[in-house]
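Residue strings, one per chain:
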Amino acid sequence: MQDDSSRIVANWHNVMKAIDRAAGDFERDPGDVALVCVSKTCQAEAILPVLAAGQRLFGENRVQEATSKWPALRDQFPDIQLHLIGPLQTNKVREAVELFDVIETLDRPKLAAAVAAEVTRTGRRPELFVQINTGAEDQKAGVLPEFADTFIAECRQIYELAVSGLMCIPPANQHASAHFAFLAQIARRNGIAKLSMGMSSDFELGIQLGATHVRIGSAIFGARAARDHAAL
Ligand SMILES: *Cc1c(COP(=O)(O)O)cnc(C)c1O
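Residues numbered from 1 in each chain as written. Predicted model: local features only at pLDDT ≥ 70, side-chain atom pairs only at ≥ 80, totals over all residues. Heavy atoms only, no water.

Participant: Now, about the site of the ligand: what can you tell me, with residues and values included?
Facilitator: If you check the shell around the ligand, you find twelve residues, and the closest are Lys40, Ser200, Arg215, Ser218 and Arg224. One of the backbone nitrogen or oxygen atoms of Ser218 is found 2.8 Å away from an oxygen atom of the ligand. Here an oxygen atom of the ligand and a side-chain polar atom of Arg224 are 2.7 Å apart. Relative to its free-state accessible area of 390 Å², the ligand is covered by the protein chains to the extent of 95%. Of the residues belonging to the shell around the ligand, the class tally is six nonpolar, three polar and three charged. (Near = heavy atom within 4 Å. Polar contact = N/O pair within 3.5 Å; in protein donor to acceptor, adjacent residues only side chain to side chain. Areas by Shrake-Rupley, 256 points an atom, 1.4 Å probe, with all protein chains shown as cover. Nonpolar A, V, L, I, M, F, W, Y, C, P; charged D, E, K, R; others polar.)

Set out below in C-alpha cells:
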C-alpha cells in the first residue's frame, strides 16, 4: 500500500511538471492550466496521498460514485473542488448540483432546464461547461457542433445559466488536435474563456491549443479496468 501511494504521488509530480513544461513550451502561463485529477474508480486510499501532496481539483464521471466517496474526504479537506466530467441524467441533477463545483457536461435543453430549476430552488450555482461532441459520434454525449451556438445561447437566454467553459472528448481513433482547435474556435465566437480538453495521452496538445483544464486519470493512478475505458 505504501508503495502504491508513493508511486501515485510520484506520477502526480511528474504530471504537474509535464503541465508546467508544456505551458512553457507554448508560451502559456502555467497558472492558467488547471489539472483536473480524474479519480473515477479510485478508492479513498488512492486519493488521499494526492490530497496530501496538495492536489485539490478532482474529476468524477458518475454522480453516484462521487456521492459515496467525496463528502467524507471533503470533511478532511474542505477546499476540494469537484468537477463532473461524465454524462448527467436529469434524475441525478439534484445530487449533482449539491456535490459538484463544476458540471462540465451540460449538453441538452432538458438538462439545462433541470439544472436551472435546481439552481433556483437551492441558490447553489455550480459553474457550467457545455460538452461538445466534436466528432459527432453516435455513442458519445455532448451537443453536436452545428447546434453548439444555439444551445449556448439558449442556456444563457432561456435558462439564465452562465456558461463559462466548453469540454470535449475527441474520437479515440483520430488525432486530437483538430478537435481541440475546433473547440477553441466555438469558445471564441461565443465569448467563452475556459476549455477542458486533453487527457493522459494528449494533454500537451490540449495545452498547446488553449486548454485551461486538462483531465488526467491513468497517468496518475495507473490503468483502469477495461470496463471503465468502455464506459468513456
Ligand atoms: C476517464 C476520463 C478522463 C481521464 O482519462 P485518462 O486517459 O485516464 O487520463 C478524462 N475525461 C473524461 C471525460 C473521462 O471520463
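Participant: Can you break down the nonpolar core residue by residue, with the values?
Facilitator: A general tendency of soluble globular proteins is for nonpolar side chains to be buried together. By size, the foremost hydrophobic cluster in this structure holds 65 residues, and its most contacted members are Ile19, Trp70, Phe100, Leu106, Val130, Leu166 and Ile220. Ranked by the residues each element gives to this core, the list is headed by helix α1 (residues 2–25), at seven residues. Apart from residues lying up to four places away in sequence, Ile19 is in contact with Val33, Leu35, Phe203, Ile207, Val214 and Ile216. (Core = buried A, V, L, I, M, F, W, Y, C linked by side-chain atoms within 4.5 Å. Buried < 20%, exposed > 50% of the residue type's maximum accessible area, 1.4 Å probe, protein only. Helix = DSSP H or I, 4+ residues; strand = E, 2+ residues; numbered from the N terminus. Contact = heavy atoms within 4.5 Å.)

Participant: Residues and numbers for the packing of helix α2 (residues 44–53) against helix α3 (residues 63–76), please.
Facilitator: Where α2 meets α3, the axes come as close as 12 Å, and the angle between the chain directions of the two elements is 35°. For α2 against α3, the interelement crossing comes out right-handed. Between α2 and α3, the contacting residues are Ala44, Ile47, Leu48 and Leu51 on the first element and Lys69, Trp70, Leu73 and Gln76 on the second. Partitioned by chemical class, the residues of the contact of α2 with α3 number six nonpolar, one polar and one charged. (Axes fitted to C-alpha atoms, helices over the stretch in contact; angles between N-to-C directions. Left-handed = near helix turned anticlockwise from the far one by under 90°.)

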